[in-house]
Amino acid sequence: MPELQTSAVLRQHHVGFQLTDVATGQTLATWQADKYFVPASTHKLLTLYAALRILPDSVPALRYVVHGDSLIFRGTGDPTLLHGDVPSRRAYELLKRWPGKLYYAETPAAESKFGPGWSWDDYPYYFQPERSTFPIYGNVVRFKYRQPGQRAVTVQPRWFAKSVKPAAAGATSPDHVARALEANRYTWYPSPRSWTDESPFRTSRELLLTLLRDTLKRKVRPAPWRLRPNETPRTYYSLGVDSLLRRTIRVSDNLLAEQTMLLCSSQLGHDSLSVARVIAYARKQWLLDLPDSLAWVDGSGLSRQNLTTPRNQVAVLLKLHQLVPEARLFDLLAAGGRQGTLRRVYRDPTGLWLWGKTGTLTNAHNLCGFLRTRSGQLLAFSFMNNNHLAETSEIRNEMERVLTLVRERL
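Residues numbered from 1 in each chain as written. Predicted model: local features only at pLDDT ≥ 70, side-chain atom pairs only at ≥ 80, totals over all residues. Heavy atoms only, no water.

**A word on the environment of leucine 94**
The residue leucine 94 is located in helix H3 (residues 90–97) in this model. Linking leucine 94 and lysine 319, residues 225 residues apart in sequence, is a C-alpha distance of 38 Å. (Helix = DSSP H or I, 4+ residues; strand = E, 2+ residues; numbered from the N terminus.)

Right under this line is the structure:
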């Protein structure tokens, strides 16, 4: 497209573009589509594809066995227990109402709590919680500051309140909340305006047991996971899988994406949960026919070790379109002008015309998805920008200009 080559906004950084007719598979436009880019959160399209292939209709919340009056349970990676945005109370109610004793058996994790290539100094920010086999509260502490000028915040879970203190008088910070590197100690900063923020907590079996006891108001004891001869564990399910995937993709939730991969690992029968094993399985089963090889190391796209090409991304979009009905797929993606990361862009009062997944890291902004032209043609596209120094908003606006031209001309 000449607009890509002549754009003053796009001329100085690495740009890749592919546009393909969904009905015919014909490539309509391409620019450096065979070059490699850091995909950022557009890599969640691969997580979505793996989840739609592997997970059942409802999220497996936990595995359990019953020995006498005792319920012995372990995690599957399900992130929804008391989650602030996609909460499911089914597992909570099971544990709360169980008439006998409760025992928690930890599911081993085969990998680090942080993914390969994640930025270490993002540890206190809401977008990089630790992965775990049994998340609770989304593995974050939520803070609300509602009285500007006052020295008080509300904390959820309340158990952490004793570990929260206000900053020293006169201290300032660009962040609302700071956390100690190796401990769950938090400092918050007053502001002229109200705010809500989240900060991850360091996960451990001991903390999980403490939080379970605190919220359930009953004893939860640790126990080993030992099955009796010929004993098969049962699975308890929580919310519908689309509710989890919709939130993951629309708002680009990194913890939900990582935990979705761990859910896939659990569903494949692994005793220890592993994102890497799911990646290897999905690549071998369904992705050998991609146009280019790819580097895929996590479920969220947080890692700069992920590398792929624009034409790979379009190939994944076409696979998704073939796998599930179009209406379901578009409902899982963010819609331009409506919700998620696209709610303020690609607006048209006459109707929806663009659905996709954004991906943003420092110096990288990408968008991959589908657009419907004025003539009704459905196109899959990948528009990738890496190594730019311009503001992300400037890149985003130029992408919208170019894609709107595509919509009008085809």
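**Details of the sheet that holds strand S8 (residues 164–166)**
Taken in spatial order, the three strands line up as S8-S10-S9 in an open sheet, and their pairing is mixed. Pairing within the sheet leaves two strands with one partner each, and these edge strands are S8 and strand S9 (177–179). Each neighbouring strand pair of the sheet contributes to a mean axis angle of 25°, computed without reference to strand direction. One ladder, built from three bridges, connects S9 with strand S10 (residues 186–188); its direction is antiparallel. For alanine 178, the partnering residue across the bridge sits in S10 and is threonine 187. (Pairing = 2+ DSSP bridges. Axes fitted to C-alpha atoms, helices over the stretch in contact; angles between N-to-C directions.)

**A closer look at the sheet that holds strand S13 (residues 234–240)**
A sheet is described by the order of its strands in space; here five strands give the open sequence S12-S5-S4-S3-S13, paired in mixed fashion. With partners counted over all chains shown, the strands left at the sheet margins are strand S12 (221–222) and S13, one partner each. Sheet topology places strand S5 (residues 101–104) next to S12; two bridges connect them, and they run parallel. Bridging across to S12, tyrosine 104 finds its partner in proline 222.

**Examining the pattern of salt bridges**
Applying the stated criterion to the full structure yields 22 salt bridges. Residues glutamate 182 and arginine 202 are paired through a salt bridge, measuring 2.7 Å at the closest nitrogen-oxygen approach. In this pair, glutamate 182 is assigned in the loop between S9 and S10 and arginine 202 in the loop between strand S11 (195–200) and helix H4 (205–216), connecting sequence segments 20 residues apart. When its relative accessible area of 59% is taken as the criterion, glutamate 182 is described as exposed. Overall, the relative accessible area of 25% leaves arginine 202 in the partly exposed class. Salt bridges linked by common partners bring Asp85, Arg142, Glu198 and Arg247 together as one network. (Salt bridge = Lys/Arg side-chain N within 4 Å of Asp/Glu carboxyl O. Buried < 20%, exposed > 50% of the residue type's maximum accessible area, 1.4 Å probe, protein only.)

**Observations concerning helix H5 (residues 241–250)**
Of all ten residues that make up H5, seven are buried, and the element is covered over most of its length. Of all the positions in H5, only Val241, Asp242, Leu244, Leu245, Thr248, Ile249 and Arg250 are classed as buried. Just downstream of H5, serine 252 is the residue with a positive phi angle, here 60°.

**Some points on the packing of aromatic side chains**
Geometrically, a pair of aromatic rings is defined through the distance of the ring centres and the angle of the planes. For the coordinates displayed, the defined rule picks out 19 aromatic pairs. With 5.1 Å between their ring centres and 90° between their planes, tryptophan 159 and phenylalanine 160 make a pair best called edge-to-face. By relative accessible area, phenylalanine 160 is classed as buried at 0%. Aromatic side chains phenylalanine 160 and phenylalanine 201 sit 5.2 Å apart centroid to centroid with 25° between the ring planes, which places their arrangement in the stacked category. Taken together, the residues span a long stretch of sequence, with phenylalanine 160 in the loop between strand S7 (154–156) and S8 and phenylalanine 201 in the loop between S11 and H4 at a distance of 41 residues. Among the aromatic side chains, those forming a connected cluster through ring pairs are Phe143, Trp159, Phe160, Tyr186 and Phe201. Residue placement shows arginine 131 over the ring face of tryptophan 118; its charged tip is 5.4 Å from the ring centre. Positioned above the aromatic ring of tryptophan 159, the side-chain terminus of lysine 162 is 3.4 Å from the ring centre. (Phe/Tyr/Trp six-rings, centres within 6.5 Å; stacked < 30°, edge-to-face > 60°. Lys NZ or Arg CZ within 6 Å of the ring centre and 35° of its normal.)

**Quick look at the pairing of strand S17 (residues 378–386)**
As a general feature of sheets, a regular strand has side chains that alternate between the two faces. Across the nine residues of S17, nine count as buried, placing the element largely inside the fold. Burial of the side chains of S17 extends over both faces: Leu378, Ala380, Ser382, Met384 and Asn386 are buried on one face and Leu379, Phe381, Phe383 and Asn385 on the other. Where strand S1 (residues 14–21) and S17 come together, eight bridges link them in antiparallel fashion. The partner of glutamine 18 across the bridge, within S17, is serine 382. Of the pairings in the sheet, the one linking strand S16 (residues 364–372) to S17 comprises nine bridges and is antiparallel in character. Residue leucine 371 lies in a different strand from S17, and its bridge partner there is leucine 379. Adjacent in sequence and paired antiparallel, S16 and S17 are bridged by five residues, among which glycine 376 carries a positive phi angle near 95°.

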